[in-house]
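Analysis of the macromolecular model
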Amino acid sequence: MSNRQITNNPPIINMSRRAFSLGLGAGALVLATGLRTLRAEDAPKYGGDGMPHGLVDDPKVFVSIEPDGTVSIICHRSEMGQGIRTSLPMVVADELEADWTRVKVVQAPGDEARYGNQNTDGSRSMRHHFPTMRRVGAATRQMLETAAAASWGVPVTEVEAVNGEIVHKASGRKLSYGQLAEAASALPVPPASELRLKDPSKFRYIGKGKTNVVDNFDITTGRAIYGIDPRFDDMVYAVVARPPVYGGTLEKYDASETLKVPGVLKVVEIASTPPPSAFEPLGGIAVVATNTWAAMQGREKLKVTWNDGTNSVYTTTTYRAGMQETARKPGRVVRSEGDVDAALKSAAKRIEADYYIPHVAHVTMEPPAAVARIVEGKCEVWTATQNPQAAHDGIAKRLNLKPEDVTINVTLLGGGFGRKSKPDYVTEAALVSQAMNGRPVKLTWTRDDDLMHDYLNTTAAEHLEAGLDENGKPIAWLHRTVAPSIAATFAPDKTYESALELGMGVVDTPFQIPNMRMENGEAISHTRVGWFRSVFNVPHAFAIQSFVAELAAAAGRDPKDFLLELIGPARKIKIEPPPLRTEEPWWNYGENPELYAIDTGRLRRVTETVAEAAGWGRKLPEGHGLGIASHRSFVSYTAAVVEVAVDKNGQMTIPRVDIAIDCGPQINPERIKAQMEGSVVQGVALATVSNITFRNGQVEQQNFDGYELTRIDAAPREVHVHHVAPDSYDVPMGGVGEPGLPPIAPALLNAVFAATGRRIRSLPIGDQLAS
């Protein structure tokens, strides 16, 4: 298949700058202005403006209109099921007053200098780009209105855009967008200060939840193009044998039997990257063949001796014991208010508990894959990536190419969860293509590769203590957290959790307790730790929300009422460091602390909403229990109630889960609902079965027979999503893709306690109920 066939495939259209310009009709609207990048030179940068390459709101970059009225809208974020290829163009189309049936979505290649930041993670796409996409649509609309008014010789105030046409209100005359495109293209882009944004009451698509996913037909009929799908007539295929221990190196190998396998063409040595390896390949031996199966069979025949290195000491049982021992000792103080030690000594009742969370893997439905080729010194790649700029930069650096000689075409992603923002697999494909004299190479990771060489979510030991007064009211709170940090994947000597990680539920705990102290103990990382859906919120929320329920039981209180009492009255808590933490600011997801203060009123509201919707306090059958948990993450607020049923043999089922989310203005409610449903199912897996363990530095789980996910018979019978939406679009917008995950595991374990009286503090549950 040719380059043109791939890039023009209807499901995913990747237009290079040249193809974009040449592909337009003679009268197409191409807004002739320079890029307008939002910058605040003298002020701290927050949100999208604080990201690499910032925000771009130039209509020239994002919109074109053909003479037949077709409106092409660029999506510069990666689609992995969250619906962003629908939602962002939908925002542009709404402000533009475009007819959605005439809209074509075009996928941007990796080019942050042109499109602004493209790193699709951190639940940032809509909250960062909603305002800019509105401006793109509004600017285009106003230019079309101006062109129409000029053609009729009437004031622009007498015309309006309506569903792909400009209408003269007095006479009823109409001109289509296609008819006006050429004239509009000659007009200057109105400055942001002169844009007339729609009143939200006039939105046609935004907030309605009735816009179909643009790729739905192609996905359900097998036409969609994912990272593993592109093909070329002369393409070869590759898999890689990598060091089984992180930081291991190749000592020697014998490929003689490999080269006898029918179809095997060559073996290619990939140089290893010593830790911290960041996004670089781990190294190893690539086997190149005429098909993937032959490459896999050839890899099986390799005789390889590895030097495992220092990380061969990594064994889960001993590492866990060490973390838990550290968590029971004083650590680095990261937040302190009042006198915790004195309050604990004077408490009428003192409670303490230890919680453990294992590593978990991303296991995206589509494992990492990339196609790369090099023609006349220029490397072009087709891949499923959340982070095309990082993929671009990694190839340019490793292959010593000029930045302008690397092109990253972004396909659909068969799942991401943060794994595909680390493009080591993309660089591997480019290196093998280089070794094959530029021939197109499709490099595929098997499921075994995916599990054994993932950027795992962290493992953690959490120790909590609290003191209650004679009335059962908390007067002291101590939280010690110990976990290997993501920072260790990128820099040496990183043994403490970073400000980013501590800001995910530890230092930002919003409870109204007079004496609080949070501490962080050291943990040496022995594997690649990376961001996973909701990142460190997962272990922190599990421990904190489980402990809240334990305190409620100790105080003889209802868990929901006790949680609300801890949250306290509605108030806003600014994210800022107290005197004991002055070396770096607390993490607030990159957002302005004035605009995105912790709003306990919103946290209360989702907690109260979900409790009422779930029928909190209702009479339950024997063996059933309800659990509740709430959490703020990615500047959104979520709460969940889980109902479990446990029979006399310890078999658990989940009749119902309710989850409420307040993410600010809800742009595409249908996709929000889908994200919450997916978070519930994934949260159940983390709570019940998912677990990565190590022995002598090697991952023990090599496929789904060892690493389990929630199967359909274990999934909740019902999932109810409750949208807690504000009345105004002035409320700051939060994230959606990740906030639904943190409350699920603690709510589920709290429900298990309510049903059985057994408190489980170590994930996953596994067979603990049967013992």
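Everything numeric here is computed off the predicted structure, so don't read it as measured data.

**Brief notes about the pattern of salt bridges**
Applying the stated criterion across every chain, the model contains 42 salt bridges. With a shortest N-O distance of 2.9 Å, arginine 299 and aspartate 449 are connected by a salt bridge. Residue arginine 299 is located in helix H9 (residues 292-301), and its partner aspartate 449 is located in helix H14 (residues 447-452); the two are separated by 150 residues in the primary sequence. No difference in accessibility class separates arginine 299 from aspartate 449, as the two residues are buried.

**Here we look at the confidence of the model for the protein chain**
Caution applies to low-pLDDT regions: their predicted coordinates should not be interpreted in detail. Averaged over every residue, the pLDDT of the protein chain is 93; the share at 70 or more is 93%. Below pLDDT 50 for its whole length, residues 1-41 participates in 115 contacts with residues either more than four positions away or in separate chains.

**Details of empty space enclosed by the protein**
Applying the stated criterion to the full structure yields six cavities of 30 Å³ or more. The volume enclosed by the largest cavity comes to roughly 120 Å³. Forming the boundary of the largest cavity are 13 residues, of which Thr509, Pro510, Ser630, His631 and Arg632 lie nearest the centre. Broken down by secondary-structure element, the contributors of at least two residues to the lining of the largest cavity are helix H16 (537-555) and strand E25 (624-633). The dominant element in the lining of the largest cavity, judged by the number of residues it contributes, is E25, at three residues. Among the residues making up the lining of the largest cavity, the classes are represented as six nonpolar, five polar and two charged. The space that makes up the second largest cavity amounts to roughly 90 Å³. Looking at side-chain class alone, the lining of the second largest cavity contains eight nonpolar, three polar and two charged residues.

**Focus: the sheet that holds strand E5 (residues 103-107)**
Across the sheet, three strands lie side by side as E3-E4-E5; this open sheet has mixed pairing. The outermost strands of the open sheet, each flanked by one partner alone, are strand E3 (63-65) and E5. Across the sheet, the mean angle separating the axes of adjacent strands is 25 degrees when strand polarity is ignored. Examined bridge by bridge, E3 and strand E4 (residues 71-75) share three bridges and lie antiparallel to one another. Among the inter-strand pairings, valine 63 is bridged to a residue of E4, identified as isoleucine 73.

**What to know about the packing of helix H4 (residues 84-96) against helix H6 (residues 125-152)**
Running from N to C, H4 and H6 point in directions that differ by 35 degrees, and their axes come no closer than 6 Å. By crossing handedness, the relation of H4 to H6 is classed as right-handed. For the pair H4 and H6, the contacting residues are Ile84, Ser87, Leu88, Val91, Val92, Glu95 and Leu96 in the first and Ser125, Met126, His129, Phe130, Met133, Arg134, Val136, Gly137, Ala138, Thr140, Arg141 and Leu144 in the second. Among the residues forming the contact of H4 with H6, the class breakdown is eleven nonpolar, five polar and three charged.

**Quick look at the side chain of glutamate 145**
If you trace the backbone, glutamate 145 turns up in helix H6. In contact with glutamate 145, not counting residues within four places along its chain, are Val156, Val159, Glu160, Ala161, Ile166 and Arg196.

**Observations concerning helix H7 (residues 177-185)**
Along H7, the residues that are buried comprise Tyr177, Gly178, Leu180, Ala181, Ala184 and Ser185. Buried residues of H7 fall within an arc of 150 degrees about the axis and therefore sit on the same side. Summarising the geometry of H7, the exposed residues directed more than 90 degrees from the buried face are Gln179 and Glu182.

**As for unusual backbone geometry**
A cis geometry characterises the amide bond from proline 275 onward to proline 276, with omega recorded as 0 degrees. The residue proline 276 is located in the loop between strand E11 (264-270) and strand E12 (284-289) in this model. Geometrically, the link from leucine 763 to proline 764 is a cis peptide bond, its omega value of -5 degrees lying close to zero. Phi at glutamate 376 takes a positive value of approximately 50 degrees, unusual for a residue other than glycine. Backbone geometry at serine 534 places phi at a positive 75 degrees, although glycine is not the residue there. Counting through the fold element by element, serine 534 comes out in the loop between strand E22 (516-521) and H16.

**Observations regarding helix H13 (residues 424-435)**
Helix length check: H13 (twelve residues) gives 17 Å between terminal C-alpha atoms against 16 Å at 1.5 Å per residue, within 8%. Of all twelve residues making up H13, ten are buried, and the element is well covered by its neighbours. Residues of H13 that are buried include every one of Asp424, Tyr425, Val426, Thr427, Glu428, Ala429, Ala430, Leu431, Val432 and Ser433, and no others. In the segment just after H13, asparagine 437 is the residue with positive phi, at about 60 degrees.

Scoring rules and cut-offs
- Residue positions are given per chain, counted from 1 along the sequence in the order it is written.
- This being a predicted model, a pLDDT of at least 70 is required before a residue's local features are given, and a value of 80 or more before pairs of side-chain atoms are given or counted; all residues contribute to the totals for chains, interfaces and linings.
- Heavy atoms throughout the structure, all of them, feed into the side-chain values; hydrogens and water do not.
- Salt bridge criterion: a side-chain nitrogen from Lys or Arg within 4 Å of a carboxyl oxygen from Asp or Glu.
- Here a strand is any run of E in DSSP of at least two residues, a helix any run of H or I of at least four, and the numbering for each starts at the N terminus.
- Each residue gets one of three labels from its accessible area relative to the maximum for its type: buried under 20%, exposed over 50%, partly exposed in between, using a 1.4 Å probe on protein chains only.
- Known as pLDDT, the predictor's per-residue confidence is scaled from 0 to 100.
- The contact criterion used is simple: two residues touch if any of their non-hydrogen atoms lie within 4.5 Å.
- Points on a 1 Å grid, built from protein atoms alone, make a cavity when a 1.4 Å probe fits but cannot get out and make a pocket when they are open with protein on both sides within 12 Å along at least 5 of 7 lines; residues with an atom within 4 Å of a point are the lining residues.
- Grid points are joined across faces, edges and corners, and a volume is the space filled by probe spheres set on the points.
- Residue type decides the class: Asp, Glu, Lys and Arg count as charged, Ala, Val, Leu, Ile, Met, Phe, Trp, Tyr, Cys and Pro as nonpolar, and the leftover types, Gly among them, as polar.
- When DSSP finds at least two bridges between two strands, those strands are taken to pair.
- Angular values range over 0 to 180 degrees, each being the angle between N-to-C directions of two axes fitted as lines to C-alpha atoms, with helices fitted over their stretch in contact.
- Two helices that cross are described as forming a left-handed crossing if the nearer one is turned anticlockwise from the farther one by less than a right angle, and a right-handed crossing if clockwise.
- Our arc is simply the arc of the directions from the helix axis toward the C-beta atoms.
- Multiplying 1.5 Å by the residue count of a helix minus one yields the expected span of that helix.

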